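So the chains spell out like this:
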Amino acid sequence: MALYRNGTFVTDAWSFPPDNAPLPAAGAVALTKARFLAERDALRDRTAPVGVVLVAGDTLDGLVDDLPNLALVAIRFPKYSDGRPYSLARLLRDRHGFAGEVRATGDVLRDQVALMLRAGFDALEVTHPGTIAALRQNNIVAVRHHYQPASAEASETRPGPRPWRRVSAALS
Amino acid sequence: MYRYDEFDQTFVQERVAEFRDQVARRLSGELTEDQFKPLRLMNGVYLQLHAYMLRIAIPYGTLSSRQLRLLASIARDHDKGYGHFTTRQNLQFNWIALREVPDILDKLASVEMHAIQTSGNCIRNVTADHFAGAAADEVADPRPYAEILRQWSSLHPEFTFLPRKFKLAVTGAAHDRAAIQTHDIGLQVKRDETGALGFAVFVGGGQGRTPMVAKQIRDFLPEEDLLAYCEAVLRVYNLEGRRDNKYKARIKILVHETGEQAFAQAVEAEFAALKGKTLTLPADEVDRIGAYFASPAFASLPGRSDVLDRAVANDPDFARFASRNLHPHKATGYGIVTVSLKPVGTPPGDATAAQMDAVADIAAHYSFDEIRVSHEQNLVLPHVRLDDVPAVFAALRNAGLATPNAGLVTDIISCPGLDYCALATARSIPIAERLTERFADLDRQHDIGDLKIKISGCINACGHHHVGHIGILGLERRGEEFYQITLGGSGDEICTIGEIVGRGFSSGEIVDAVETVIDTYLGLRTSPQENFLAAYRRVGEAPFREALYAAAG
Ligand code: HEM
Ligand code: SF4
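Along each chain, numbering runs from 1 in the same order as the chain's sequence is written. As they are written, the chains are lettered A onward and the ligands numbered 1 onward, keeping that order. Given that this is a predicted model, residues contribute local features only at a pLDDT of at least 70 and side-chain atom pairs are listed and counted only at 80 or more, while totals for whole chains, interfaces and linings are drawn from all residues. Side-chain figures throughout are based on the complete set of non-hydrogen atoms in the structure, without hydrogens or water.

Visitor: Where do I start with the interface of chain B and chain A in this structure?
Guide: Accessible area lost upon the coming together of the parts serves often as the stated size of an interface. Contacts between the two partners involve 46 residues from chain B and, on the opposite side, 35 residues from chain A. Between chain B and chain A, a total of about 3700 Å² is buried, with carbon and sulfur atoms accounting for 57% of that surface. When two components associate, each loses some accessible surface as probed by a 1.4 Å sphere; the sum of these losses over both components is called the buried area. Sorting the residues of chain B by area buried against chain A places B:Phe7, B:Pro157 and B:Phe161 first, and these three jointly supply 22% of that buried surface. In this structure, the salt-bridge partner of B:Asp8 is A:Arg165, at a minimum N-O distance of 3.4 Å. Under this definition, polar contacts are N or O atom pairs within 3.5 Å; protein pairs additionally need one hydrogen-donor-capable and one acceptor-capable atom, and for neighbouring residues in sequence, both atoms have to be side-chain atoms. At the junction of chain B with chain A, the criterion picks out 19 residue pairs in polar contact (both at pLDDT 80 or more). Note on contacts: a residue pair qualifies if any of its non-hydrogen atoms lie within 4.5 Å across the two residues. Only one rule defines a salt bridge in this text: a Lys or Arg side-chain nitrogen within 4 Å of an Asp or Glu carboxyl oxygen.

This is the structure we're talking about:
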């Protein structure tokens, strides 16, 4: 497994304790939505960053007020053809102004990387060897001209004349 | 017509490069067929019974002669010399080699065409009234909106992996020639009381195994909100649509299970958050796109044409053609000509490379270089001078394209069925061919009048049988093909799902059964002006059921 964030592979500082395991005393932890909601009050006392793990099918209901206190929302793709995480990521970024890390996990493959980045994911947890290799070698062929504003507005340019056009930089 | 600028051209070329890379990984074995399948489907490549099929997008059914000539050359160089125009205004090639697809896509890109999103669980090619910009009854040309939607939906990062495919259609006239109420989203361009342009929005129509007529969830959506509203509908669908069962995954099921009102509320809530932001369409940008679709420079002509009148008087063949295949145009002295791809005994919608070239030549000479593809699997010459119609007729006849049967019993829609399709339960093209042979007599066809027969080779309903005046569904039981008849369906503004009349018929019986239905109609119509659908709506299915099943007891 490898974590790709903002263009490079980095080491992952987060831990993902299972629902029934005690939390480590220190360090960044990301919990399922159910556990986070159940232990929300106790978690406020932690100084280390806290995150939430969503799976496709989860909603943001009940989480919105906590988003400013979260440093990570990880969203799991059970299979890459399940498109719900894209909408969740966009809602996090556009609707709720979430500024922390939005991480794609699960079935993350090279052919969807460009879509994920446009939908607001800034980190990808990759297990697929071909995808890891392609990202390392900067060898992902993708379309960079887009016909719709999405959730990567800060990193995309807006060529005239049509207001909905965007161009993203090459992956790197 | 819309023309690509540098941005559009770069976009399609980048997409070809991306797909070329994917094909190379498949051919090298890095991708298995299972992994490759969703990727190829995103670009219109199907694996059929005998070969790969490539479906090419013809956005809102509009083609220039240059584009049609290129399609002809692909038919010659990469297929068996013909192509198949579909009910979604696309063109399919049925005999394609996978390794040649990237090169075909490069050729398409050279004439501003592509195969993007012609299949897969994404937003498909946007369709529109095939008489758009020419019809006498139009409020506004729907194509600028269809083009704006095409752009917005192209490789949309959020909506590429929907629960199921998603189809949009736009009409600019109250009389619906685009069957918008059978689509996931149907849009009817209209004006409000102040004269401002906008849309009535219909959601949740569809055919397939659970046919449903779309529900109107907005009476008037202002023009500037088109994209924000569609994004809201798609987001609700993407998040809430069922993914547990592919037969229940279309938006029609979500609308049905959520309830029309609750669904509309969810969309309105999402829309309220999207409205007035980046997706708002500035009026000058709509105008800028609209300018590409400006009317050609029509000459000012008298409303009657002596040349046409004389030809009608002197040539019975031409008179027949003019009575069916010539339609009113918004500009005086012009007409719209339907080019029938339904001659007797051939697969509906097929055209040879030579025929495509012929139509391209005729369009270049006589129709301001424009051709349309209709969802009824015919071609259309949208802007022909009435004076030129006899010459167009002669040229079409030379190419075997002057069948005077638009809207008649032999103008049949049929899906590919078991001759090509891996999902089929029965053959459909041979039934269509035998029906056209049975009703080949033109006097009889013209006497029968308006009649839409639609045939599907399985419950997926690609041949629209649910909305055929007479629908035929091919099924299979214990290794035998049999055919179920539905009556009274209609895909226009009074959208109706046809009713099953009774048990099905064998392949040997089905043509007789259709003839019985038609003879029954002829016997009970009040006058030749009462067409089949009107008569059926008046009398219901009883007389037809009686005629079909009485003899059998
Ligand atoms: C030969 C390969 C084809 C395959 C495997 C195929 C597959 C399917 C399937 C599975 C459905 C049902 C989708 C659903 O209800 O969710 C469907 C519907 C449909 N297909 Fe096809 N199809 C093929 C060819 C065609 C052709 C040639 C046309 C046009 C002539 C076409 C037009 C349609 C239309 C209009 C629907 C209608 C219903 C709807 O979307 O509600 N298909 N197809
Ligand atoms: S209706 Fe059935 S047989 Fe016909 S093309 Fe569609 S899937 Fe194939």
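More follows now that the structure is in view.
Visitor: Honestly, the coordination of the iron atom of ligand 1 in this entry has me stumped. Any pointers?
Guide: When four donors bind a metal tetrahedrally, each ideal donor-metal-donor angle is 109.5 degrees, and when six bind octahedrally, the ideal angles are 90 or 180 degrees. Any N, O or S atom lying within 2.8 Å of the metal counts as a donor, with the limit raised to 3.2 Å for Na, K and Ca; because water is left out of the atom set, some sites can appear incomplete. Looking at the protein side alone, the iron atom of ligand 1 has one donor only, B:Cys462 (SG), at 2.1 Å. Secondary structure elements are taken from DSSP: a helix is a run of H or I of four residues or more, a strand is a run of E of two residues or more, and numbering for both begins at the N terminus. Mapping B:Cys462 onto the fold places it in the loop between strand E17 (453-456) and strand E18 (470-477).

Visitor: Which parts of the structure should I look at to understand the site of ligand 1?
Guide: All names here are of chain B. As a matter of local geometry, ligand 1 sits amid 21 residues, with Gln48, Lys165, Lys167, Gln207 and Cys462 nearest to it. Residue lysine 167 places a side-chain N or O atom 2.8 Å away from an oxygen atom belonging to ligand 1. Between an oxygen atom of ligand 1 and a main-chain N or O atom of glutamine 207, the distance comes to 2.6 Å. Charged means Asp, Glu, Lys or Arg here, nonpolar means Ala, Val, Leu, Ile, Met, Phe, Trp, Tyr, Cys or Pro, and polar covers whatever is left, Gly included. Considering only residue class, the shell around ligand 1 consists of six nonpolar, nine polar and six charged. Only heavy atoms are used to decide nearness, and a residue is near a molecule or strand if one of them lies within 4 Å of it.

Visitor: Just checking my understanding: could you explain the state of the cysteines for this structure?
Guide: Any covalent bond linking the sulfur atoms of two cysteines counts as a disulfide. Cysteine sulfur pairs qualify as disulfides if the two atoms are within 2.5 Å. Here the structure, examined in full by the defined rule, presents zero disulfides over all chains. Here B:Cys230 stays free of any disulfide, with the sulfur of B:Cys122 as its closest cysteine sulfur at 15 Å.

Visitor: I'm lost on the nonpolar core in this one. Help?
Guide: Among soluble globular proteins, nonpolar side chains are generally buried collectively. One finds B:Leu68, B:Leu71, B:Phe85, B:Leu108, B:Val337, B:Leu381 and B:Leu396 to be the most contacted residues of the largest nonpolar core, which totals 60 residues. Structurally, this core is a two-domain feature, drawing no fewer than three residues from each of domain 1 (6-110) and domain 3 (306-398) of chain B. Apart from the residues lying within four places of it in its own chain, the contact partners of B:Leu68 are B:Leu63, B:Phe85, B:Met356, B:Val359, B:Ala360 and B:Ile371. Ranked by size, the runner-up nonpolar core spans 58 residues in total, among them A:Tyr147, B:Ala109, B:Leu221 and B:Leu281. In this text, buried Ala, Val, Leu, Ile, Met, Phe, Trp, Tyr and Cys residues form a nonpolar core when linked through side-chain atoms within 4.5 Å. Remark: exposure states derive from per-residue accessible area (1.4 Å probe, protein chains only) relative to the maximum for the residue type, with buried under 20%, exposed over 50%, and partly exposed in between. The start and end points of each domain follow an automatic or database-based domain assignment.

Visitor: Help me understand the sheet that holds strand E14 (residues 370-373) of chain B, please; the structure alone is not making it clear to me.
Guide: The pairing of strands in a sheet comes from backbone hydrogen bonds and takes either a parallel or an antiparallel form. Residues and elements named next belong to chain B. Judged by pairing direction, the sheet is antiparallel, and its five strands sit side by side in the order E3-E14-E15-E12-E11 without closing on themselves. Only two strands of the sheet have a single partner each, and these edge strands are strand E3 (62-64) and strand E11 (326-328). Across the sheet, the axes of successive neighbouring strands diverge by a mean angle of 35°, strand direction being ignored. By definition, two strands form a pair when at least two bridges between them are found by DSSP. Bridge count for E14 against strand E15 (residues 379-385) is two bridges, and the pairing is antiparallel. Across the sheet, the residue bridging to valine 373 is leucine 379, located in E15. In this analysis, axes come from line fits to C-alpha atoms, helices being fitted only over the stretch in contact, and the angle between any two N-to-C directions falls in the range 0 to 180 degrees. Docked against the sheet, helix H11 (residues 316-325) engages E11 and strand E12 (334-339), running at close to 40° with respect to E11. Where helix H12 (residues 353-366) meets the sheet, its contacts fall on E12, E14 and E15, and the angle it forms with E15 comes to roughly 25°.

Visitor: Explanation requested: the environment of B:Gln529 in the structure shown.
Guide: Residue and element names in this part refer to chain B. Counting through the fold element by element, glutamine 529 comes out in the loop between helix H16 (507-524) and helix H17 (532-539). Given the relative accessible area of 70%, glutamine 529 is considered exposed. Separated by 391 residues in the primary sequence, glutamine 529 and glutamate 138 have C-alpha atoms spaced 24 Å apart.

Visitor: I would appreciate a short explanation of the domain arrangement of chain B in the present structure.
Guide: Residues and elements named next belong to chain B. For chain B, the domain assignment lists domain 1 (6-110), domain 2 (142-292), domain 3 (306-398) and domain 4 (413-549). Each of domain 1 and domain 2 has a C-alpha centre, and the two are 27 Å apart. Counting from both sides, the interface comprises eight residues of domain 1 and, opposite them, 11 residues of domain 2. At the boundary of domain 1 with domain 2, the tally comes to zero salt bridges. Here domain 1 and domain 2 share one residue pair in polar contact (both at pLDDT 80 or more) between them. A per-element tally of the side of domain 1 that touches domain 2 places helix H1 (residues 6-27) first, with three residues. Considered class by class, the residues forming the side of domain 1 that touches domain 2 number four nonpolar, one polar and three charged.

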